[in-house]
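Geometric and topological summary
Chain residues, written in single-letter form:
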Amino acid sequence: MKFNCNQATLSKALNIVSKAVTTRTTIPVLKGILLKTTGDNKLILSTSDLDFSIETKIDVNTEIEGSVIVNAKLFNDIIKKLSNEIITVELEDESRVSIKTTNSRFNIVSQSAEEFPNIPNLEGESSKLSFDKEIFKKMIKQTQFCASIDDTKGVIVGILIELTSDNLNMVAIDGYRMAVRREKILNNESKKIIINARILNEVSKILSENEINDDLDIFINDKNAVMILDDTKVVMRLLDGEFINYIDVLPKEHSTSVILDRISLINSIERASLLAREGRNNLIRISVNENLMTITSNSEEGNVKEDIIMEKEGENLEIGFNSKYMMDALKAIEDEEIKLEFSSSIKPCLVKPLIGNEYEYLILDRKSTRLNSSHTNRSR
């Protein structure tokens, strides 16, 4: 194998495929990048952690066709440090690759390409879904932080992607908070899939780095979802299990609702959380009384009180929250004004828009244990 290409072009491709490289493995090939040259002057770069795989192509000058695996971190670091000029990469022997420029030469250890896992190709055996790229990326951003980061928690480490005849819904829950994001789309079929939130977060980064404005195509079968974007293919293993019935978790009624300015609430909670961090579990207390919301926090280091003007319907109440959970939801929203709904001082708070149901964030109060915990880890 031997090819020549521009340093900047190769570095950009490496930045894409490196997102699927894992360091949490004892399998050497999963720490590597597969480089494969073709007769039509293409270099195919592939990475995989078995749950998440990325393949992208760039134009090169192929002198010798072939393939090899190189350590992803080392190869990426070397290419980044080289000047923006033509690079020559060559397989010198069965276990060594050279990287050459006008003034630099590296020799690094390589592995046989035969060891690399197969990346599925779903063409002809799957259903195809198309999404607006920017909307899909935004929906990931507005839900992924609510997914569990504990790999022992089953499917709630993932985001539910639910397609109905006229809606695309994304749902994430970690037992203490839940995000529901909805978007109107026209769709020919109903479908539910669950994809690891960590993987979708990396997909969002790839979408941000891609300048193509075309719709995003995703092919789905029983085990995998494959995203095609320009010259990049992303394969995501679907999580197997039954996601929580989130409709049942959302409150059907409330005793108190308030409308207030989102940025004012963010700023007040941020100031209150300066002392909440010094206490236990980022605890803040919210008091709703007539047209005033009061936010307080107390710790051994001191106390703080913040007042915000609001519109209220219903009863006065006092309730405690984890300030981080509330802030994560508020920062994901773009509306100037929002509505908060409370059922009681010991039940979760629902954050929603003034009109419609584009988003709903359910945040546990400090006196509850988990959001319907008996449902969050069911599997088929």
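Just so you know, these numbers come straight off a predicted model, no measurement behind them.

Moving on, we come to the side chain of Ser110. Note on placement: Ser110 falls in strand β9 (residues 105-111). Taking relative accessible area as the criterion, Ser110 reaches 6% and is therefore assigned buried. Of the polar contacts made by the side chain of Ser110, one reaches the backbone nitrogen of Arg96; its length is 3.1 Å.

Read across the open sheet, the four strands follow the order β21-β20-β19-β23; overall the sheet is antiparallel. The outermost strands of the open sheet, each flanked by one partner alone, are β21 (302-309) and β23 (317-322). The mean angle between the axes of side-by-side strands here comes to 20°, regardless of whether they run parallel or antiparallel. Contacts from helix α7 (residues 323-332) reach β19 (283-289) and β23 within the one sheet, and its direction differs from that of β23 by about 85°.

Our focus in this paragraph is the confidence of the model for the protein chain. For the protein chain, mean pLDDT is 91; residues scoring 70 or higher make up 95% of the total. Contacts for the low-pLDDT stretch residues 373-380, under 50 throughout, to residues beyond four places or in other chains number 21 contacts.

Now for the packing of helix α1 (residues 7-17) against helix α2 (residues 72-81). Across the interface, α1 lies against α2 with an axial gap of 9 Å and an inter-helix angle of 145°. The two elements α1 and α2 cross, and the hand of that crossing is left-handed. For the pair α1 and α2, contact is made by Gln7, Leu10, Ser11 and Leu14 and by Phe75, Asn76, Ile79 and Lys80, respectively. Grouping the amino acids of the contact of α1 with α2 by side-chain chemistry returns four nonpolar, three polar and one charged.

The subject of this paragraph is empty space enclosed by the protein. Applying the stated criterion to the full structure yields one cavity of 30 Å³ or more. Considering only enclosed or pocket space, the largest cavity measures out at about 50 Å³ in volume. For the lining of the largest cavity, a count of residues per class yields eight nonpolar, no polar and one charged.

With that settled, consider unusual backbone geometry. One non-glycine residue, Leu50, adopts positive backbone phi at about 80°. As for its position among the elements, Leu50 is in the loop between β3 (42-48) and β4 (52-59). For Glu290, which is not glycine, the phi dihedral falls at a positive 55°. Residue position: Glu290 is located in the loop between β19 and β20 (292-299).

Glancing now at the pairing of β23. Of all six residues in β23, five are buried, a share of seventy percent or more. Where β19 lies against β23, six bridges are found, and the strand directions are antiparallel. The residue of β23 that forms the bridge with Ile286 is Ile319.

Tallied over the full model, the rule gives 25 salt bridges. Across the pair Asp174 and Arg177 runs a salt bridge, and its minimum N-O distance is 3.2 Å. On the basis of relative accessible area, Asp174 is assigned to the buried category, the value being 11%. Here the salt bridges share partners, and the residues they tie into one network are Lys2, Glu63, Glu90, Glu92, Lys100 and Arg105.

Our focus in this paragraph is the nonpolar core. Residues Leu45, Phe75, Phe136, Met236, Leu265, Met293 and Leu340 are the most contacted members of the largest nonpolar core, which totals 95 residues. Setting aside residues no more than four positions away along its own chain, Leu340 makes contact with Thr256, Ser257, Val258, Leu260, Leu265, Met293, Cys349, Leu350 and Val351. In this structure, Val155, Leu239, Ile244 and Leu362 belong to the second largest nonpolar core, which totals 19 residues.

Let us look at the sheet that holds strand β11 (residues 158-163). By definition, the strands of a sheet pair up through backbone hydrogen bonds, in either a parallel or an antiparallel sense. Within the open sheet, the nine strands sit side by side as β14-β11-β12-β13-β26-β25-β24-β18-β22. Their pairing is antiparallel. Two strands close off the open sheet at either side, each with one partner strand: β14 (191-196) and β22 (311-314). Neighbour-to-neighbour, the strand axes of the sheet open up by a mean angle of 15°, direction not taken into account. Taken strand by strand, helix α3 (residues 133-141) contacts β11, β12 (167-173) and β13 (177-184), and its axis lies near 25° from that of β12. Against the sheet, α7 makes contact with β13, β24 (337-342), β25 (349-352) and β26 (359-363), and its axis sits at roughly 175° relative to β26, the strand it touches most.

Thresholds, definitions, all that
- Residues numbered from 1 in each chain as written.
- Predicted model: local features only at pLDDT ≥ 70, side-chain atom pairs only at ≥ 80, totals over all residues.
- Heavy atoms only, no water.
- Helix = DSSP H or I, 4+ residues; strand = E, 2+ residues; numbered from the N terminus.
- Buried < 20%, exposed > 50% of the residue type's maximum accessible area, 1.4 Å probe, protein only.
- Polar contact = N/O pair within 3.5 Å; in protein donor to acceptor, adjacent residues only side chain to side chain.
- Pairing = 2+ DSSP bridges.
- Axes fitted to C-alpha atoms, helices over the stretch in contact; angles between N-to-C directions.
- Contact = heavy atoms within 4.5 Å.
- pLDDT = per-residue confidence, 0-100.
- Left-handed = near helix turned anticlockwise from the far one by under 90°.
- Nonpolar A, V, L, I, M, F, W, Y, C, P; charged D, E, K, R; others polar.
- 1 Å grid on protein atoms, 1.4 Å probe; cavity = no way out; pocket = protein on both sides within 12 Å on 5 of 7 lines; lining within 4 Å.
- Points joined across faces, edges and corners; volume = space filled by probe spheres on them.
- Salt bridge = Lys/Arg side-chain N within 4 Å of Asp/Glu carboxyl O.
- Core = buried A, V, L, I, M, F, W, Y, C linked by side-chain atoms within 4.5 Å.

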